[in-house]
Amino acid sequence: MFDRTIKKTLASTILSALLALASVHTHSIAADLKIGLAADVSSLDPHYLNIAPNISFASHLFDALVHIDANGRLIPGLATSWKAIDATTWEFKLRKGVKFHDGTELTAEDVIFSLDRPALLTNSPGPFTSYTKQIIAKQATDAYTIRLKTAAPYGPLPLDLSSIFIVSKKVASRASSDDFNSGKALIGTGPFKFVSFKRSDSITIARNDQYWGEKSSWDKVIFRIMTSGAPRVAALLSGDVDVIDAVPPADVNKLKSNNKFRLEQKISWRTLFWQLDQQAHSSPFITDKAGKPLAENPLRDIRVRQAISKAIHRTALTEKTLEGLAVPASNIVAPGIMGYNSSLKAEAYDLEGAKKLLTAAGYPNGFGLTLHGPNNRYINDEQVIQTIAQFLTKAGIQTKVETLPLAAYFPRAGRNEFSMALLGWGTLATDFGLRTLTGTNNPETGWGTWNWGKYSNPTLDKAIQLSLSTVDESKREELAKKAATIALSDYAVIPLYHQYASWAMRKGVKYIPRTDEFTFAHQFHPE
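Residues numbered from 1 in each chain as written. Predicted model: local features only at pLDDT ≥ 70, side-chain atom pairs only at ≥ 80, totals over all residues. Heavy atoms only, no water.

## With respect to the nonpolar core
(1) Moving on: By size, the foremost hydrophobic cluster in this structure holds 158 residues, and its most contacted members are Leu65, Trp274, Ile308, Ile388, Leu392 and Phe524.
(2) Moving on: It is strand 18 (residues 493-506) that contributes the most residues to this core, 8 residues altogether.
(3) Moving on: When neighbours within four sequence positions are excluded, Leu65 is seen to be in contact with Pro76, Gly77, Leu78, Ala79, Phe92, Leu94, Val111, Leu161, Ile164 and Ile166. (Core = buried A, V, L, I, M, F, W, Y, C linked by side-chain atoms within 4.5 Å. Buried < 20%, exposed > 50% of the residue type's maximum accessible area, 1.4 Å probe, protein only. Helix = DSSP H or I, 4+ residues; strand = E, 2+ residues; numbered from the N terminus. Contact = heavy atoms within 4.5 Å.)

Below, the structure is given as structure tokens:
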């Protein structure tokens, strides 16, 4: 009897332990998600630096009035609807009952404050003001209705506002960017709450159980910053992380054929291109063959810009250097994006044509040029720059390469310190992108905030403005195509390729790949 009691007790204890262990194991799979991010998150202030890694992460803690779905379509966010009341007035209806993480309710005052705040951050290296400068008046007609007035008819305002995160006026009006980075001011309405931030190492967030939308499947998410491809893949293979983004090209087939993992891919909205210094001065990284600075900037000559474009073998670049994870680009936006002009073709490789253009421009022996770009942001970015340097050297341009980590590269490029700088940009409208990337720089209007080369063309500016001021979508698209033709015929920038976005994850986790390349923890689900 005593033995049987002991055996029963022991068996019961063992069974309980096994069930507890299974429960813990199941809970650990379902409750926590670990994501290896390829790009560093440099600021947690949602209005400080307008770059994709920061925007992607901010979407976990904050919402915008307008959201974007996986295919790039505008969908309701904190605004349930929007419409143009007249040619210069847009009305947004706010979602009722939305609460910030501290329990206070979202109101129109928070929205108006959030639309004003980007202009107050005068030290931003990549401001969000291009999305707000068109608004000349803001009115809360009631606690849940906002009317925004523009100086002229302006079609893409809802798209602009998908990039402005709504913060708590009560919290953020007294907060600096440092207060956001410390977590003190990270009070949003998003699907997660902030837990911790170790710069360039990891960010931890926890599910917001009071979220107004679909709640996350995960209790906690840990983002690990893993800018090097090999360690990121190794972490996935070993189980240290559940998901990685920006899968290195060399590992795509290996992961695709491994039944323990799932690979998701989609053509990205991101176009990689060169920004060229086009100011009337001696450009900082252009010299003669002996290394002496040139008095005149050759990049101001369209023949030189065209020669550079012809010297680049885009097919070889995308098939070999990028291992098939990109397609040659002819536009600044990807196919399918509003204003994409299919009549424009990717520049054909023409080495002899490039040499003739350089000779015609007065540089029969070429010149010296340093290419700059990041080494931890885009697919094989450093190898891409090295490959293009080889192409240009063959054309007679004595080319060097200097790459930098993203955190150091973007601020310097934004201060126009480089002669030729690599940039990747994603947008859902051609005119929207042209305004930011090629529009004449104007802090008052927010134009040209990412126009690193200080390119300026009044004819293009007028074409962009005409497109942006058209509310009729079909007319606007045709005008955007015309503006794209002007910009690209003048080699305002030199398009290279559209890259693929890739995610790899362990079996048991699923994700719908996004055109915008964003990695959203709340859109991963257990199978």
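## A look at the pairing of strand 10 (residues 220-225)
(1) Moving on: Burial along strand 10 is one-sided: the residues Val221, Phe223 and Ile225 are buried and none of Lys220, Ile222 and Arg224 is.
(2) Moving on: Relative to strand 10, strand 1 (residues 32-37) is paired through 6 bridges, and the arrangement is parallel. Of the residues in strand 10, the one forming a bridge with Asp32 is Lys220.
(3) Moving on: Of the strand pairs in this sheet, strand 9 (residues 202-207) and strand 10 are connected by 5 bridges, and their pairing is antiparallel. (Pairing = 2+ DSSP bridges.)

## Examining the confidence of the model for the protein
(1) Moving on: Looking at the protein, pLDDT values average 91 and 94% of them are 70 or higher.
(2) Moving on: Within the model, the stretch residues 1-30 combines pLDDT values under 50 with 6 contacts to residues more than four positions away or in other chains. (pLDDT = per-residue confidence, 0-100.)

## Notes on the packing of helix 14 (residues 430-437) against helix 15 (residues 458-468)
(1) Moving on: Following both chains from N to C, one finds helix 14 and helix 15 inclined at 140 degrees, their axes separated by 9 Å at the closest point. Between helix 14 and helix 15, the angle falls in the class oblique. The two elements helix 14 and helix 15 cross, and the hand of that crossing is left-handed. Residues Asp431, Phe432, Leu434 and Arg435 of helix 14 pack against Ile464, Ser467 and Leu468 of helix 15.
(2) Moving on: Of the residues that constitute the contact of helix 14 with helix 15, the class distribution is 4 nonpolar, 1 polar and 2 charged. (Axes fitted to C-alpha atoms, helices over the stretch in contact; angles between N-to-C directions. Parallel < 35°, antiparallel > 145°, perpendicular 65-115°, else oblique. Left-handed = near helix turned anticlockwise from the far one by under 90°. Nonpolar A, V, L, I, M, F, W, Y, C, P; charged D, E, K, R; others polar.)

## As for helix 14
(1) Moving on: Counting buried positions along helix 14 yields 8 of 8 residues, so the element is predominantly enclosed.
(2) Moving on: Buried within helix 14 are the following residues: Thr430, Asp431, Phe432, Gly433, Leu434, Arg435, Thr436 and Leu437.
(3) Moving on: Turning to helix 14, the residues buried within the fold contact helix 4 (157-161), strand 12 (261-276), strand 17 (420-426), helix 15 and helix 16 (473-489).

## Considering the packing of aromatic side chains
(1) Moving on: Counting across every chain of the model gives 21 aromatic pairs.
(2) Moving on: Grouping aromatic residues by their ring pairs yields a cluster made of Phe285, Tyr409, Phe410, Phe418, Trp425, Trp450 and Trp452. (Phe/Tyr/Trp six-rings, centres within 6.5 Å; stacked < 30°, edge-to-face > 60°.)

## Thoughts on the sheet that holds strand 4 (residues 79-86)
Two modes of strand pairing occur in sheets, parallel and antiparallel, and in both the strands are linked by backbone hydrogen bonds.
(1) Moving on: Reading across the sheet, the 4 strands line up as 4-5-7-6 and stay open at both edges, with antiparallel pairing between neighbours. In this open sheet, the two edge strands, each paired with only one partner strand, are strand 4 and strand 6 (135-142). The average angle at which neighbouring strand axes cross in this sheet is 20 degrees, direction not considered.
(2) Moving on: One ladder, built from 6 bridges, connects strand 4 with strand 5 (residues 89-94); its direction is antiparallel. Bridging across to strand 5, Trp82 finds its partner in Phe92.
(3) Moving on: Here helix 3 (residues 108-120) sits on the sheet and contacts strand 5, strand 6 and strand 7 (145-150); the angle it forms with strand 6, its principal contact strand, is near 170 degrees.

## Section: unusual backbone geometry
(1) Moving on: In the Ramachandran plot, Ser200 falls in the positive-phi region, its phi being about 60 degrees despite a non-glycine side chain.
(2) Moving on: Examined against the element boundaries, Ser200 turns out to sit in the loop between strand 8 (192-198) and strand 9.
(3) Moving on: Positive phi, close to 45 degrees, is recorded for Ala246, a residue that is not glycine.
(4) Moving on: Summarising the element assignment, Ala246 is placed in the loop between strand 11 (243-245) and helix 8 (249-256).

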